[in-house]
Structure formats: C-alpha cells, structure tokens
There are 2 protein chains.
Amino acid sequence: MAGAESGSDLVLLDVFASPYAQRVRIALAEKGLAYESTEEDLAAKSDLLRRSNPAHGGKVPVLLHAGRPVCESLVILEYLDDAFPATPPLLPTDPYARAQARFWAEYAGRAHLCGKRLWLRRDGEEAEPEPEARAEMLAVLRTLDAELGGREFFGGEAFGFVDVAAVPFASWFLTYERHGRFAMAEECPGLAAWAARCARRDSVAANVYPPEKVYQRVLEYRQWVLGPK
Amino acid sequence: MAGAESGSDLVLLDVFASPYAQRVRIALAEKGLAYESTEEDLAAKSDLLRRSNPAHGGKVPVLLHAGRPVCESLVILEYLDDAFPATPPLLPTDPYARAQARFWAEYAGRAHLCGKRLWLRRDGEEAEPEPEARAEMLAVLRTLDAELGGREFFGGEAFGFVDVAAVPFASWFLTYERHGRFAMAEECPGLAAWAARCARRDSVAANVYPPEKVYQRVLEYRQWVLGPK
C-alpha cells in the first residue's frame, strides 16, 4: 500500500467494548489501514478525548487523522471511504445503493436502543420482558432480517457499510434473546445466519467480544448502574 | 439544465410544516430541481407513504426518484448530491470538510429535540422553563454559534449542507426564546444573524413558515397533544 494510504497517522480514541468504536476498528481492518488505538476510561476521559469531541462531551469513538478529529462512527466510516480512496470502499458507487446503505446503517443502531429497554431493568431476566419493548425489538430485528433477504451480506456478496454498522450488535443478539425471551433462529433465521457468518470474519472476530461475554458484561453493567437488587 | 437533470421524475411525500421535509425542499430549490410535492396528512397517511417508508412507519419526508423511495432527510440530501452531480453540490469536496459537514448537520437536529422539552409542557410559557431543558438548549445553540464563528454560512461563503440541515430550525428560534426565556441576539448573536441572513434567501423564504407562525402553530399543537389546561 502506498505511503499516503498507510494510515500510520491514524489514532483511534477507543473503548474496546463500545459497538460504535467497534464499527470503526472493523472498518479500519477491512481497509487494511494501520492505526494506533488508545483505550479510554469513560469514567476518567482524557483531555485529548474531551478536546476532540466537545460537542458530544467527549464521546467515543474519535478518529484522529494527522491530528484532526473525526467524530461519530458513521461519519468516520464515510470519512475513511473519502480520505483513503485506494482502500476497499465500504459504500457502493451507485447513488441509490449509497442512499439505501446510509439508511440501513442508521437503522441498525435502533436495535441497540431497543435492547436497553429489555436489559436495563431492575428485575432483570427473571421477570417477563416488558411486552412493548419486546415487540419493538422483534419488529426492528425482523425489519433488518427482511432487508437482508436471502443475501450473504447487507452489501450483497461483499461485506460493506451496513454490515460494518450492524455487526457489533450481532454480538448482542444473545443478550436480546435471553432478556426478550425469543429465539433469533426462529424469529429472524436469515439475520441469525448472517451474524454467525460475520463472526467468522477476521476483522469482526478480532474486534468484538463473543456473545456470551457481552451477556456477562451487560449483567455486570446493569448491576453497576442500578445497584444490587 | 440537461434532461437527465431536470428532476421531473422527483416526487416528494411532504408535510409543509415539517422541518425535515423543509430540508429537502430547500435542497431541491438550491439545486434548481423541479419536483412534485404531495402534502401528506399525518393523521391519515397515504398508502404510498406507508409503503415507501415501512421501517419508520411512514415518516416524512420521502423522495421518490423514478418511483424509488429515498427516506430520511439527511440521506436524501446526500442522494441529491450523488444522483444529480451537475447541480450545485451541498457537501464540500474535501474529505475532512465533508466529515465535518456530516457531523454538524446531524448535530443541528439536536436543537429541535431540546426545544420540545421547553415547549411541550402543560403549564406552557407562563411557567418558568425547566432549568435543565433551558441549559441544554442554550448549550446546543451556543455550540452551533461557536461552530459558525464569524462565517457567513456554516459552509463558509456558500450556503451548504449544514445550512440546509439547520435552517428549518431557525424559524423555531423565536419559539425557543419565548419558552426558554432567553434572547438569541444576546446568547448567540452570530447564529441569530445567520438565521436572519438565511431567511432572506429565496429557497428558505418559500419553504418555511415565518417565526411568528411557527410559534402560533406550536401553541396549537401543544393544545392538541396535551388537551386544554
């Protein structure tokens, strides 16, 4: 790869467990761009992080390129396509396909917001899930399943923009299933198969926790937020 | 303009008062693209609207191009740049400037969400604003003011992507001021001047309500949502 494309001037202000930071790491891996990752402690953010994303109070991820910050995961993904045009693109070239990819990448983040309504409750998974939260989560997952259709990836045969945006949440499917009391394989078989397919990919496997670990961390996080029962 | 760029196969599923639909109409006007607008009744959405944006329950705006739907206002703006490359671009060409524009366009939508916390309350503007909602709104407006800096437009000398994304909310500034009990001219003089500058632009004037009308409609809407006091 040419020097200008080496990515050696890329620094990621990172949190390994953040699905949004994972999007960026997976994209960098898919593009073969070298970067330096700096793990941030969200309870004690670095001055650099605060200075780099003041509008959002120092939210991760931030990608510094030659010292200039780019914030928000999907903005960073587009930036990588724009700034490193010699690397494999995430977005397709056709205008309509690009618009569809942007729409579904944004939509994929919804699953995570619905998920919180299932697992961030004091009574935890011993109790029945809140019916409305469960229904909303299933609707979102089924919508993604229908969009995927019979394809290998959201990008078709190639792992692309929507796949990168959605795949960090695939590791959360187990957590959604257990808290929502449903089975992905029954409700969204295509999406479940997609998740398994993506998990075997190097760029994904190296950058996300396995589903069981996400589940355990969510239990710990819930206890930390809500306190002991 | 060439036939392929005439935009005569563009249909906007529209709500005149929607700031998100306004973004699209302003962009179409700036690009000189002809289109047909179909005003939707949100209480009785057309089948076409429901079919065109099922994932979001038939949210407006939807732009149909040769019958194919594009949803979400910022996705539509990018689509117009991609699909009509001979029209004046909204986004800059420099990769870093594009990323910044995407970030701030997304951020501009925050003002509207904060605004709801100020005006969608039963006790209305007779009561003191909720201190946290007021502080959050001022923080967002001051952040936008600082980003604008001394420039004519967010896009610099040209009215661009962030301006189109933010300008529908400029008509709401009066509503924010009255419900939040602050004066834009004092708190954010640059942003207030930008709003006045944009309001004189044909593409804007033709596609948004004047501030006083927004204010009156918000009062009516609040009464409709919350019922009489």
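Residues numbered from 1 in each chain as written. Chains lettered and ligands numbered in written order. Predicted model: local features only at pLDDT ≥ 70, side-chain atom pairs only at ≥ 80, totals over all residues. Heavy atoms only, no water.

As named in an unreviewed UniProt entry, chain A is glutathione transferase, taken from Sorghum bicolor. Quoted verbatim from the Catalytic activity (unreviewed entry) field of UniProt, the annotation for chain A is "RX + glutathione = an S-substituted glutathione + a halide anion + H(+)". (UniProt positions renumbered as here; feature names shortened; annotations may be inferred.)

Novice: Hey, could you go over the domain arrangement of chain A for me, with residue numbers and the actual values?
Specialist: All names here are of chain A. Once the domains are mapped, chain A shows domain 1 (10–83) and domain 2 (95–226). When each unit is reduced to the centre of its C-alpha atoms, the spacing between domain 1 and domain 2 is 22 Å. Taken together, the 15 residues of domain 1 in the interface contact 21 residues of domain 2. Summing the contributions of domain 1 and of domain 2, the shared interface buries around 1600 Å²; its carbon and sulfur component is 62%. It is Arg23, Ile26 and Glu30 that lose the most area in domain 1 upon contact with domain 2, and together they represent 32% of the buried surface on that side. Taken together, the connections running from domain 1 to domain 2 amount to two salt bridges. Of the charged contacts, one joins glutamate 78 and arginine 102 as a salt bridge, the two residues approaching to 2.7 Å between their closest N and O atoms. Counting the contacts that link domain 1 with domain 2 gives five residue pairs in polar contact (both at pLDDT 80 or more). Secondary structure elements with two or more residues in the side of domain 1 that touches domain 2: helix H1 (19–31) and helix H3 (73–83). Of the residues forming the side of domain 1 that touches domain 2, the biggest block, nine residues, is contributed by H1. Across the side of domain 1 that touches domain 2, the residue classes break down as ten nonpolar, one polar and four charged. (Domains from an automatic or database assignment. Contact = heavy atoms within 4.5 Å. Buried area = accessible area lost by both parts, 1.4 Å probe. Salt bridge = Lys/Arg side-chain N within 4 Å of Asp/Glu carboxyl O. Polar contact = N/O pair within 3.5 Å; in protein donor to acceptor, adjacent residues only side chain to side chain. Helix = DSSP H or I, 4+ residues; strand = E, 2+ residues; numbered from the N terminus. Nonpolar A, V, L, I, M, F, W, Y, C, P; charged D, E, K, R; others polar.)

Novice: Now, about the relation of the copies chain A and chain B: what can you tell me, with residues and values included?
Specialist: Here the second copy of the chain follows from the first by a rotation about an axis and a shift along it. Mapping chain A onto chain B calls for a screw motion: a turn of 180° about the axis and a shift of 0.0 Å along it, with 0.0 Å RMSD after fitting. The symmetry that links the two subunits is that of a two-fold axis. Of the interface residues in chain A, 100% have counterparts in chain B that sit at the interface too, so the contact is made through matching surfaces. (Least-squares fit on C-alpha atoms with pLDDT ≥ 70 in both.)

Novice: Summarise the sheet that holds strand S3 (residues 62–65) of chain A; cite the residues concerned and give the values.
Specialist: In sheet architecture, strand pairing relies on hydrogen bonds along the backbone and comes in two forms, parallel and antiparallel. Residue and element names in this part refer to chain A. In spatial order, the strands read S2-S1-S3-S4; together these four strands make up an open sheet with mixed pairing. At either end of the open sheet lies a strand with only one pairing partner, and these are strand S2 (36–39) and strand S4 (68–71). In this sheet, adjacent strand axes meet at a mean angle of 25° when their direction is disregarded. As paired elements, strand S1 (residues 10–14) and S3 share four bridges and run antiparallel to each other. Bridge pairing in S3 places valine 11 opposite leucine 64. Helix-sheet contacts for H1 involve S1 and S3, and the interaxial angle to S1 is about 155°. (Pairing = 2+ DSSP bridges. Axes fitted to C-alpha atoms, helices over the stretch in contact; angles between N-to-C directions.)

Novice: Give a detailed account of unusual backbone geometry, specifying residues and quantitative values.
Specialist: Residues and elements named next belong to chain A. In this structure, proline 61 follows valine 60 across a cis peptide bond, with omega equal to -5°. Note on placement: proline 61 falls in the loop between helix H2 (47–52) and S3. Although it is not a glycine, alanine 66 sits at a positive phi angle of roughly 50°. Relative to the helices and strands, alanine 66 resides in the loop between S3 and S4.

Novice: Lay out the side chain of A:Ser171 in plain terms, naming residues and giving numbers.
Specialist: All names here are of chain A. Structurally, the position occupied by serine 171 is in the loop between helix H6 (161–170) and helix H7 (173–180). At a separation of 2.8 Å, a polar atom in the side chain of serine 171 contacts the main-chain carbonyl oxygen of tyrosine 209. When near neighbours in sequence (up to four residues on either side) are disregarded, serine 171 contacts Val208, Tyr209, Pro211 and Val214.

Novice: Please set out the packing of helix H1 (residues 19–31) of chain B against helix H3 (residues 73–83) of chain B residue by residue, giving values where relevant.
Specialist: Residues and elements named next belong to chain B. Remark: H1 packs on H3, axes separated minimally by 9 Å, with the N-to-C direction vectors making an angle of 15°. For the element pair H1 / H3, the angle class is roughly parallel. For the crossing formed where H1 meets H3, the hand is right-handed. For the pair H1 and H3, contact is made by Tyr20, Arg23, Val24, Ala27, Leu28 and Lys31 and by Ser73, Leu74, Ile76, Leu77, Leu80 and Asp81, respectively. (Parallel < 35°, antiparallel > 145°, perpendicular 65-115°, else oblique. Left-handed = near helix turned anticlockwise from the far one by under 90°.)

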